[in-house]
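Notes for the structure review
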Amino acid sequence: MENQHAFSHRDANVGHRHIRRQITSTSTNYTQIKEDIQAALTDSQSFWPADFGDYAPFFIRLAWHCSGSHRRSDGRGGCDGGRIRFLPEHAWADNTNLDKAIRILTPVKQKYPEISWGDFIVFTGNTAIESMGGPTLGFCAGRQDDSDGSASVELGPTPEQVLLANCTLNGNCSIPLGTKQIGLIYVNPGGPLGVPDPVGSAKDIRDVFSTRMGFTDNETVALIGGGHEFGKTHGACPSGPGPSPLEDPTNPWPGTCGTGALKGIGPNAYTSGFEGSWTDTPTQWSNDYFNNLLDFDWETFIGPGNQTQWRPTNASAPNIRMLTADIALLHDPIYKSILPTYANDLQKLGTDFAAAWYKLTTEDMGPQSRCINADAPPPQEFQNPLPAPPANPASASAVSAAIKSSLLYTANSNITSDSSENGGTWFGTQFVDLAYQCASTYRSTDYRGGCNGARIRFSPEKDLPWNAGTDQILQVLESVKTQFGDALTWSDLIVLAAQTALADATSGSSVVFDFAVGRSDALDGTQSISFPFRDYYETVDIAVTDSADVVGLSAYDVVALAGRPRSDVEQKRRGLFGSYLNGTSKLTNAYYNLLLNQTWTPIEGSPSFLALSSSTGVYESKENPGTYMLDSDIFLLSNATYKDIVEEFASNESSFLVHFAEAWNWLLLVDLHEINTGGANT
Ligand code: HEM
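Residues numbered from 1 in each chain as written. Predicted model: local features only at pLDDT ≥ 70, side-chain atom pairs only at ≥ 80, totals over all residues. Heavy atoms only, no water.

Things to note about the site of the ligand
Inspection of the region around the ligand gives 24 residues, with Trp64, His228, Lys232, His234 and Ser272 positioned closest. Trp64 is positioned with one of its side-chain polar atoms (N or O) 3.2 Å from a nitrogen atom of the ligand. Mapped by element, the contributors of at least two residues to the shell around the ligand are α2 (56-67), α7 (217-227), β3 (232-233) and α11 (346-362). The element best represented in the shell around the ligand is α2, accounting for five residues. For the shell around the ligand, the residue count by class is 15 nonpolar, seven polar and two charged. (Near = heavy atom within 4 Å. Polar contact = N/O pair within 3.5 Å; in protein donor to acceptor, adjacent residues only side chain to side chain. Helix = DSSP H or I, 4+ residues; strand = E, 2+ residues; numbered from the N terminus. Nonpolar A, V, L, I, M, F, W, Y, C, P; charged D, E, K, R; others polar.)

What follows is the structure, given as structure tokens:
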């Protein structure tokens, strides 16, 4: 039987051809939208009456939960895509009753088809904060709505998530999952696995906010405390919110507390099961949360929702409540040391909260150049800003001519050639290889990585086992870099060397490679995105299909890119036995015919860069000993969708070349966001 890959519900055109429905227009009138949102904040609806007559805290929670699903491991999640409207996120326990927030906002959104839901939800969160006197840094527009929730299936709870990252003890999930508990945005408010242990809760908070999401301790404290300056928790009685959207899609979470017209709503609402607010001014920005935490002694009690929560022991205290995850901030020495700063300095809290909120809601948007509104804040550290590219970059054709005349066929003491065709040596495969390793760090999930920045020149990227030999190829390219000086960046050079090699390898055919310049060089490797979490993949099939999904490749792209010129010499440098090489400087479909027409035998104990449980990374041809394939190649035969395309390319070389050029050009250009968004670098 065919070994169908894990995500077989997707058709051949997955990845960058995900259908994206709504893209915010550059002419969107935010002033008008803001006015309508402001009006909606205090327009209490009978189906979900506003607490304190103001929906602002509720809408902040919507924006936070929409954004907070983003995880650094693979860049998935976040409000870009607007998938909180769809399953699976829609039904998460943590998102209980947020369907009502979306329903309240829908009439406003309907007036403005020119803004995406993702942008609208985050913009609503900003408007809500500002309406209560709170600070914001600004807004980055450009989220594009998905037409369904499929890009969140790996966040869980779904069979796809179990295959990719099984969480055997829900409440104690590990990376690559972004959360401790599937169905919650981050940590359990009631403490680890629901046990009201503030010390353990603080550990969970640092684990998820810092390790999995990249916040500093200061940012974490500012965010949690700043967020909980507003609003309240809901848990009026023990009997819960009623059926979830999975159990009753038409009327989810109707609420079970109370009776009569207000059954399940207003004072009878049940969302998390906890009850009460953190401050006695829940619709005003302040630093009371921090003062309350520090000024009072706190004890546990069982609230009306039958959950353990915390209340002050002091008789003079206002009627306020805390969650175990709030009290946790008192039980960690570093978090605790930050609290007085914010308790004493509202201004400082404002600055730090605004910056952290912007990071929280914008981290999945990639570089600042992707913000489509002119008044977006300047590049922030979390957006991995690159220096400006050269104002007058060297012409691509001049660089390419230099590469062709002095490097492509010229013997070089730094590297061994792969092919001795055409009366000389050919180094093209190694140039292609370097560019591929450089570019394939790109993640379409949050638009990070890619060859722009050329971070592959630095540790840690260049030291990864699959990048062994990078220094030698860079040394080969050095002479052309010197020739053009500052007008040529390393990242443009790496890409142009590959394009030159590929144009050479396909001369005589009609395929065209894109010679765009405009990349810039990072100053170090600190913001490197290594290939999507190779350390976590259990099996080769998950590794191939999931990395393709994260990079944004369709099935055609995956199979076409596998047929790129690949260097035998390079593979040996990586400690592999070698790899398919057709011994020619011409790009042909020989790879696919070889793959289909040999008997491939696993070499026991050969390493795999792809998967933890795989003991076999290399396969050898029985008919042609000394010819090798990697486990990722062999997988193309055991997956129906890929195999079908292998067969097509094997019999139709021009189909291969066309698909290859399309996939390659896409991958090598996709991180030039200025070009993609119609900016200056064309
Ligand atoms: C409400 C937990 C972080 C903003 C809530 C509720 C819980 C909770 C249980 C009550 C939901 C309900 O019953 O209605 C947590 C935990 C956090 C966290 C465990 C992290 C450790 C944040 C952050 C923000 C935020 C980072 C925003 C910056 C809010 C707001 C509400 C709220 C505004 C009030 C919603 C309303 O009034 O309807 N949170 N939260 N929370 N949270 Fe958080």
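Continuing now.
A word on the coordination of the iron atom of the ligand
Of all protein atoms, His228 (NE2) alone acts as a donor to the iron atom of the ligand, lying 2.1 Å away. With respect to the secondary-structure elements, His228 resides in the loop between α7 and β3. (Donors = N, O, S within 2.8 Å, 3.2 Å for Na, K, Ca; no water.)

Digging into unusual backbone geometry
Along the chain, Leu87 connects to Pro88 via a cis peptide bond; the corresponding omega equals 0 degrees. Of note, the amide linkage connecting Gly156 to Pro157 takes the cis form, showing an omega dihedral of -10 degrees. One non-glycine residue, Phe52, adopts positive backbone phi at about 55 degrees. Its location among the elements puts Phe52 in the loop between α1 (30-41) and α2. The class of Phe52 is partly exposed, set by a relative accessible area of 48%. Unusually for a residue other than glycine, Asn97 sits at a positive phi of about 70 degrees. Within the element layout of this structure, Asn97 appears in the loop between α2 and α3 (98-111). For Asn97, a relative accessible area of 1% corresponds to the buried category. (Buried < 20%, exposed > 50% of the residue type's maximum accessible area, 1.4 Å probe, protein only.)

Focus on the pattern of salt bridges
One pass over the full model with this rule turns up 28 salt bridges. Asp36 is the salt-bridge partner of Lys111, the closest N and O atoms lying 2.6 Å from each other. Pair noted here: Lys111 is in helix α3 and Asp36 is in helix α1, with a separation of 75 residues, a long-range link. Note on Lys111: relative accessible area 53%, which makes it exposed. For Asp207, the salt bridge goes to Lys180, with nearest N and O atoms at 3.2 Å. Residue Asp207 is located in helix α6 (residues 198-212), and its partner Lys180 is located in the loop between α5 (159-164) and α6; the two are separated by 27 residues in the primary sequence. (Salt bridge = Lys/Arg side-chain N within 4 Å of Asp/Glu carboxyl O.)

Focus: the pairing of strand β5 (residues 298-302)
Of the strand pairs in this sheet, β5 and strand β6 (residues 308-312) are connected by five bridges, and their pairing is antiparallel. Bridge pairing in β6 places Phe301 opposite Gln309. Linking β5 back to β6 in an antiparallel pair, the connection comprises five residues, with Asn306 at a positive phi of about 65 degrees. (Pairing = 2+ DSSP bridges.)

Focus on the side chain of Glu229
In this fold, Glu229 is placed in the loop between α7 and β3. Ignoring sequence-local partners within four residues, the contact set of Glu229 consists of Thr279, Thr281, Pro282, Gln284, Trp285, Ser286, Asn287, Asp288, Tyr289, Phe290 and Leu349. (Contact = heavy atoms within 4.5 Å.)

Examining the domain arrangement of the protein
Under the domain assignment, the protein is made up of domain 1 (15-383) and domain 2 (396-676). In this structure, domain 1 and domain 2 have C-alpha centres spaced 41 Å apart. Taken together, the contact pairs 26 residues of domain 1 with 21 residues of domain 2. Where domain 1 touches domain 2, the interface holds two salt bridges. Notably, a salt bridge pairs Asp546 with Arg76, separated by 2.7 Å at the nearest N-O pair. Connecting domain 1 to domain 2 are eleven residue pairs in polar contact (both at pLDDT 80 or more). When grouped by side-chain class, the residues that make up the side of domain 1 that touches domain 2 number seven nonpolar, eight polar and eleven charged. (Domains from an automatic or database assignment.)

Regarding the packing of aromatic side chains
Going through the model one piece at a time under the given rule, you end up with 31 aromatic pairs. Ring geometry for Phe513 against Phe660: centres 6.1 Å apart, planes inclined by 65 degrees, an arrangement best described as edge-to-face. In this pair, Phe513 is assigned in the loop between α15 (490-505) and α16 (540-551) and Phe660 in helix α22 (residues 653-669), connecting sequence segments 147 residues apart. For the pair shown, Phe513 and Phe660 are each scored as buried. Ring geometry for Tyr591 versus Tyr592: centroids 4.8 Å apart, planes at 80 degrees, classification edge-to-face. With a relative accessible area of 0%, Tyr591 lands in the buried category. (Phe/Tyr/Trp six-rings, centres within 6.5 Å; stacked < 30°, edge-to-face > 60°.)

Let's talk about the pairing of strand β8 (residues 618-621)
As paired strands, strand β7 (residues 600-602) and β8 are joined by three bridges and run antiparallel to one another. Within β8, the residue paired with Trp600 across the bridge is Ser621. The turn joining β8 and strand β9 (residues 628-630), which pair antiparallel and follow one another in sequence, is formed by six residues; a positive phi near 100 degrees is taken by Gly626.

A look at α15
Helix length check: α15, at 16 residues, gives a terminal C-alpha distance of 22 Å against a target of 22 Å (1.5 Å per residue), a fit within 8%. Taken across its 16 residues, α15 has 15 buried, putting it largely inside the fold. (Expected span 1.5 Å × (residues − 1).)

A look at the environment of Ser150
Inspection of the secondary structure assignment puts Ser150 in the loop between β2 (144-146) and α5. Classification of Ser150 as buried rests on a relative accessible area of 17%. For Ser150 and Leu87, which are 63 residues apart along the polypeptide, the C-alpha to C-alpha distance reads 8.2 Å. Polar side-chain contacts of Ser150 include one of 2.7 Å to the side chain of Asp148.

Overview of the packing of α2 against helix α4 (residues 117-131)
Interhelical geometry of α2 versus α4 gives an angle of 140 degrees and a closest axis separation of 8 Å. Classified by the angle between their axes, α2 and α4 sit oblique to one another. In this structure, α2 crosses over α4, and the sense of that crossing is left-handed. Only Ile121, Val122, Thr124, Gly125, Ala128, Ile129 and Ser131 of α4 make contact with α2, whose side of the interface consists of Ala56, Phe59, Ile60, Leu62, Ala63, Cys66 and Ser67. Looking at the contact of α2 with α4 residue by residue, the class counts come to ten nonpolar, four polar and no charged. (Axes fitted to C-alpha atoms, helices over the stretch in contact; angles between N-to-C directions. Parallel < 35°, antiparallel > 145°, perpendicular 65-115°, else oblique. Left-handed = near helix turned anticlockwise from the far one by under 90°.)

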